[in-house]
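Residue strings, one per chain:
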Amino acid sequence: MSAVYNVLIADDEPIIREGIRDCVDWDSLGMIVTAEAEDGEEALEIALEQQIDILLVDMNMPFLDGISLMKRLRTERPHCRFVIITGHDEFKYAQEAIRLGVKDYILKPVDPLHLYDALHHIRTEMNGTLHQEQYLKLATDQIQKNTSLLQEQFCLDWLSGRLSHEEIKQQLAFLHLPVCLPSTLALIRWSGHAEGRPMLKEQDKQLMLFAIGNIAAELLQPAPLVICRESSGLLVICAWYPPDHFTVSSIHDNEQQADEMMSAVKDCIGLHVQVHLQSADSIDEEHNNTVIRADHSLLSEQDVDYSQVMTATYRQAKLQLDGQSRVSPLVRRARDYIQTHYHNPELTLEKLADVLQVSSTYLSRLMKRELGHSFIHVLVQIRIQKAVHLLKETELSILDIALQVGYDSQHYFSTAFKKMIGVSPNQYRRDTVEQS
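Predicted model, so just to flag it, every value in this text is computed and none were measured. (Residues numbered from 1 in each chain as written. Predicted model: local features only at pLDDT ≥ 70, side-chain atom pairs only at ≥ 80, totals over all residues. Heavy atoms only, no water.)

**Q** Could you clarify how one ought to interpret the overall build of the protein chain in this entry?
**A** Looking only at helices and strands, one finds 18 helices and 9 strands in the protein chain. Counting only residues that meet the buried cut, the protein chain has 44% of its 436 residues in that class. Partitioning the contacts of the protein chain with sequence separation of at least 6, the portion at a separation of at least 24 is 65%. Taken as a whole, the protein chain presents about 23100 Å² of accessible surface, with 52% of it coming from carbon and sulfur. (Helix = DSSP H or I, 4+ residues; strand = E, 2+ residues; numbered from the N terminus. Buried < 20%, exposed > 50% of the residue type's maximum accessible area, 1.4 Å probe, protein only. Contact = heavy atoms within 4.5 Å. Areas by Shrake-Rupley, 256 points an atom, 1.4 Å probe, with all protein chains shown as cover.)

**Q** What is the right way to read the nonpolar core from this model?
**A** One broad trend across soluble globular proteins is that nonpolar side chains are buried collectively. One finds L363, I384, F413 and F417 to be the most contacted residues of the largest nonpolar core, which totals 36 residues. At the level of secondary structure, the elements contributing two or more residues to this core comprise α12 (329-341), α13 (349-356), α14 (360-371), α15 (375-393), α16 (398-404) and α17 (410-421). Looking at which element gives the most residues to this core, the answer is α15, with 10 residues. In contact with L363, not counting residues within four places along its chain, are L330, A334, L349, L352, A353, L356 and V358. By size, the runner-up hydrophobic cluster in this structure holds 27 residues, among which are L234, V236, M310 and A317. (Core = buried A, V, L, I, M, F, W, Y, C linked by side-chain atoms within 4.5 Å.)

**Q** Can you walk me through the pairing of strand β1 (residues 5-10) in this structure?
**A** Sheet faces and side chains relate simply in a regular strand, where the side chains alternate between the two faces. Burial runs high along β1: 5 of the 6 residues are buried. Both β1 and strand β2 (residues 31-37) contribute to a ladder of 6 bridges, which runs parallel. From the neighbouring strand, A10 faces β2, where its bridge partner is A37. Of the strand pairs in this sheet, β1 and strand β3 (residues 54-57) are connected by 4 bridges, and their pairing is parallel. Following the sheet pairing, V7 is matched in β3 by I54. (Pairing = 2+ DSSP bridges.)

**Q** Would you explain the pattern of salt bridges in this entry?
**A** When the charged atoms of two side chains lie near each other, side chains of opposite charge can form a pair. Counting across every chain of the model gives 11 salt bridges. For R21, the salt bridge is made with E36, and the minimal N-O distance between the two is 2.2 Å. Pair noted here: R21 is in helix α1 (residues 14-22) and E36 is in strand β2, with a separation of 15 residues, a long-range link. For E36, a relative accessible area of 27% corresponds to the partly exposed category. Linked through salt bridges whose partners overlap, the residues forming this network are D11, E13, D58 and K108. (Salt bridge = Lys/Arg side-chain N within 4 Å of Asp/Glu carboxyl O.)

**Q** How do you make sense of α17 when you look at a structure like this?
**A** It helps to recall that an α-helix has 3.6 residues per turn; residues three or four apart then point in one direction. End to end, α17 covers 16 Å across 12 residues, agreeing with the expected 16 Å (1.5 Å per residue, within 8%). Among the residues of α17, those classed as buried are F413, A416, F417, M420 and I421. Down the axis of α17, the sector holding all buried residues measures 110°, keeping them to one side. For α17, the exposed residues lying more than 90 degrees away from the buried face are H411 and K419. (Expected span 1.5 Å × (residues − 1). Arc of directions from axis to C-beta.)

**Q** Would you explain the sheet that holds strand β8 (residues 235-239) in this entry?
**A** Two strands in a sheet stick together by hydrogen bonds in their backbones, pointing the same way (parallel) or opposite ways (antiparallel). A sheet is described by the order of its strands in space; here 4 strands give the open sequence β7-β8-β6-β9, paired in antiparallel fashion. On the outer flanks of this sheet lie β7 (225-229) and β9 (273-279), each paired with one strand and no other. In this sheet, adjacent strand axes meet at a mean angle of 15° when their direction is disregarded. Strand direction decides the pairing type here: strand β6 (residues 184-190) and β8, joined by 5 bridges, are antiparallel. Its bridge partner being in β8, I188 is matched across the sheet by L235. (Axes fitted to C-alpha atoms, helices over the stretch in contact; angles between N-to-C directions.)

**Q** Would you take a moment to explain the UniProt feature "modified residue: 4-aspartylphosphate" (unreviewed entry) in the protein chain for this structure?
**A** In the UniProt entry, the feature "modified residue: 4-aspartylphosphate" (unreviewed entry) is given for D58. With respect to the element layout, D58 can be found in the loop between β3 and α4 (66-76). Every residue in contact with D58, bar those within four places of it in the chain, is listed here: A10, D11, D12, G66, I85, T86 and K108. (UniProt positions renumbered as here; feature names shortened; annotations may be inferred.)

Here it is as structure tokens:
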């Protein structure tokens, strides 16, 4: 149903106003004569107070003439339409009327058919504009309601290389995402099975995947992010951290955050998942020697193709995650045990082998082959990751942190920390404070 439009008749002659009011079938036009005015100032006041849509205006009125009135309303009520009704057929009025967007120019005495046709044309135009605005609002509302789905499909298309550099930039802006590469990709894989529970129905599996994504996303906050789900069930989270989020130990931070995600999923819903985080500053040296710095300072039109870099990053992250999936149950148990008992200063390869009931030689060889690192490297890496967290999140002394992560010597801890992170624990803490 079309809207009803408010009409104001502005003329200093009462008989003219009456004649206009009585010569038109306003109901058939979907209009109502809301008010009349006998001078320009009164007309302006009424038009603003009563939200007038159509103004029938005489050129020569007291206090404020027709042209001046229309100029004011063009600024203060730009959607108002004008029809000039005047006894003067002067070209200067016609010129000014055109500039003001006047819809018709009618000479007195008013021809009822001419006026009706002019008003009918205005109604048709206004209805079209109204319908267009309604359609645009409906489309906008639908987009807003489905923004997360649109963002997910966009990121899936981006990851798969189906979009050009320019398309990516346009879509990022349209979907209210930072117009740059994601700083981190988080890949999460779940087998679809829950230990100690009967086989899950498909609906329950989808709910579990939804829960896993939300748990992981909480740990990536407050970065803007998009959760994507591949047809294979692999979850991919694209996160846009601010540049100052990154530190010299961002790779180690990723490993720690991946461990936190796995632990959080295990604690919250009792599922074992594999997680790999890939930072933008570690990608694609093999692809045209493109290197992206963590602060995004190289993200310029000349340096980066968003499509190529994103697909290369994703490909590398999947290779890393696939490498995790090839870890044998024994090595997985060994790694889990280290994660749980890293704080024990007496944890050794021999003790771990004894717990797992295998020979230390066999366990050492298996860990080296499947993880690419020795037992002691894995242990030190986990201990230093935990220490980094304590240095950033607590005010514990360096000695207390050393003791908490399994070192009975502050000197030995500091040496191991500097070897892995590149700076001493004290320097790392100072740098972190300065960046916060």
